[in-house]
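# Results of the structural survey
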Amino acid sequence: VGKLMLYLFGKLFGFHGQPGLPIIGEDFANNTYIYLRLLPIICGSLIPSVVFLLARRFGMSILVSLLAGLAIIFENSLVTESRFVLMDSSLILFGFLGLLIYLYSLNSKREILLKCFSGIFLSLSLGIKWTGLSFLGIVGLMEIYNIIKNKPGVKKIGKSILFFVIIPIIIYIIPF
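Predicted model, so just to flag it, every value in this text is computed and none were measured. (Residues numbered from 1 in each chain as written. Predicted model: local features only at pLDDT ≥ 70, side-chain atom pairs only at ≥ 80, totals over all residues. Heavy atoms only, no water.)

So, on to the pattern of salt bridges. Where charged atoms from two side chains of opposite charge approach closely, those side chains can pair. According to the stated counting rule, one finds four salt bridges in the structure shown. Measuring nitrogen to oxygen at the nearest pair gives 2.7 Å for the salt bridge that ties Lys-129 to Asp-88. Taken together, the residues Lys-129 in the loop between helix H6 (111-128) and helix H7 (133-150) and Asp-88 in helix H5 (residues 88-105) connect sequence positions 41 residues apart. Overlapping salt bridges bring together Glu-111, Lys-115, Glu-143 and Lys-156 as one network. (Salt bridge = Lys/Arg side-chain N within 4 Å of Asp/Glu carboxyl O. Helix = DSSP H or I, 4+ residues; strand = E, 2+ residues; numbered from the N terminus.)

This is the structure we're talking about:
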């Protein structure tokens, strides 16, 4: 999924690939490859905001949430990954965004819509790399805990299976 997003971004900005350079250190004749860096940069720059909102959702104070966002900003590997054409900033953004939306869905009037979006973002995280499965696993464990605690009906359990099992499988398979 991540490479397909980069391909789409490249197509959008006119990047058509370029053969290798004959001499190491020679400049590229075409600078459209720079636009491929834009998607990871956008994703990487959104992560601190999502982490701030996630910390707020977990009940932390504004100061602690701000420190969490700042810690992400100054975390060196995320800054480095976001500068290059790599998938990890997208994986982390979609995973944390799926987790955040799931937490907002709890006790919400728009629970079904939010859980659907949560499942989609968690699926995109999984589709980028298999390590995105950890985000889906966290949400899955939270959903199982809520099912055991609240003892809902079959309909609610079916919706959970739809949002966090069936939708992720479909989104994962679609690119193939």
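Now, onward.
Ranked by internal contacts, the top residues of the largest apolar core, which has 30 residues, are Ile-47, Leu-122, Ile-128, Val-139 and Phe-164. It is H5 that contributes the most residues to this core, seven residues altogether. Residues contacting Leu-122, with those up to four places away along its chain left out, are Phe-94, Gly-95, Gly-98, Leu-99, Phe-135, Leu-136, Val-139 and Phe-164. (Core = buried A, V, L, I, M, F, W, Y, C linked by side-chain atoms within 4.5 Å. Buried < 20%, exposed > 50% of the residue type's maximum accessible area, 1.4 Å probe, protein only. Contact = heavy atoms within 4.5 Å.)

For the rest of this paragraph, the subject is the confidence of the model for the protein chain. Mean pLDDT for the protein chain: 88, with 95% of residues reaching 70 or above. Mean pLDDT in the protein chain bottoms out at helix H4 (residues 76-83), which sits at 82, and peaks at helix H3 (residues 62-73), which reaches 95. (pLDDT = per-residue confidence, 0-100.)

Because each turn of an α-helix spans 3.6 residues, side chains separated by three or four positions in sequence point in the same direction. For H5, with 18 residues, the first-to-last C-alpha span of 25 Å sits near the 26 Å given by 1.5 Å per residue. Where burial is concerned, most of H5 is hidden: 14 out of the 18 residues are buried. Just downstream of H5 lies Asn-107, where phi reads positive at about 60°. (Expected span 1.5 Å × (residues − 1).)

What follows deals with the packing of helix H2 (residues 38-57) against H5. Direction vectors running N to C along H2 and H5 enclose 30°, while the axes themselves pass 8 Å from each other. The orientation of H2 with respect to H5, classified from their angle, is roughly parallel. Both H2 and H5 take part in a crossing whose hand is left-handed. Here Pro-40, Cys-43, Gly-44, Leu-46, Ile-47, Val-50, Val-51, Leu-53, Leu-54 and Arg-57 of H2 come into contact with H5, specifically with Ser-89, Ser-90, Ile-92, Leu-93, Phe-96, Leu-97, Leu-99, Leu-100, Leu-103 and Tyr-104. Of the residues that constitute the contact of H2 with H5, the class distribution is 16 nonpolar, three polar and one charged. (Axes fitted to C-alpha atoms, helices over the stretch in contact; angles between N-to-C directions. Parallel < 35°, antiparallel > 145°, perpendicular 65-115°, else oblique. Left-handed = near helix turned anticlockwise from the far one by under 90°. Nonpolar A, V, L, I, M, F, W, Y, C, P; charged D, E, K, R; others polar.)

The description of two helices packed together rests on the angle between their axes and the distance between the axes. Two numbers describe how H5 lies on H7: the axes approach to 9 Å, and their chain directions differ by 15°. With respect to H7, the axis of H5 lies roughly parallel. Crossing handedness for the pair H5 and H7: right-handed. On the side of H5, the interface is formed by Leu-91, Ile-92, Gly-95, Phe-96, Leu-99, Tyr-102 and Leu-103, while H7 contributes Phe-135, Ile-138, Val-139, Met-142, Glu-143 and Asn-146. When its residues are assigned to classes, the contact of H5 with H7 shows 10 nonpolar, two polar and one charged.

Moving on, we get to the side chain of Ser-118. In this structure, Ser-118 sits in helix H6. Setting aside chain neighbours within four positions, we find Ser-118 in contact with Gly-98, Ile-101, Tyr-102 and Phe-164.

The phi torsion at Asn-107 lies on the positive side, around 60°, for a residue other than glycine. Mapped onto the secondary structure, Asn-107 falls in the loop between H5 and H6. Judged by relative accessible area, Asn-107 falls into the exposed class, the value being 84%. Positioned with a positive phi, Lys-151 is a non-glycine residue whose angle comes to about 50°.

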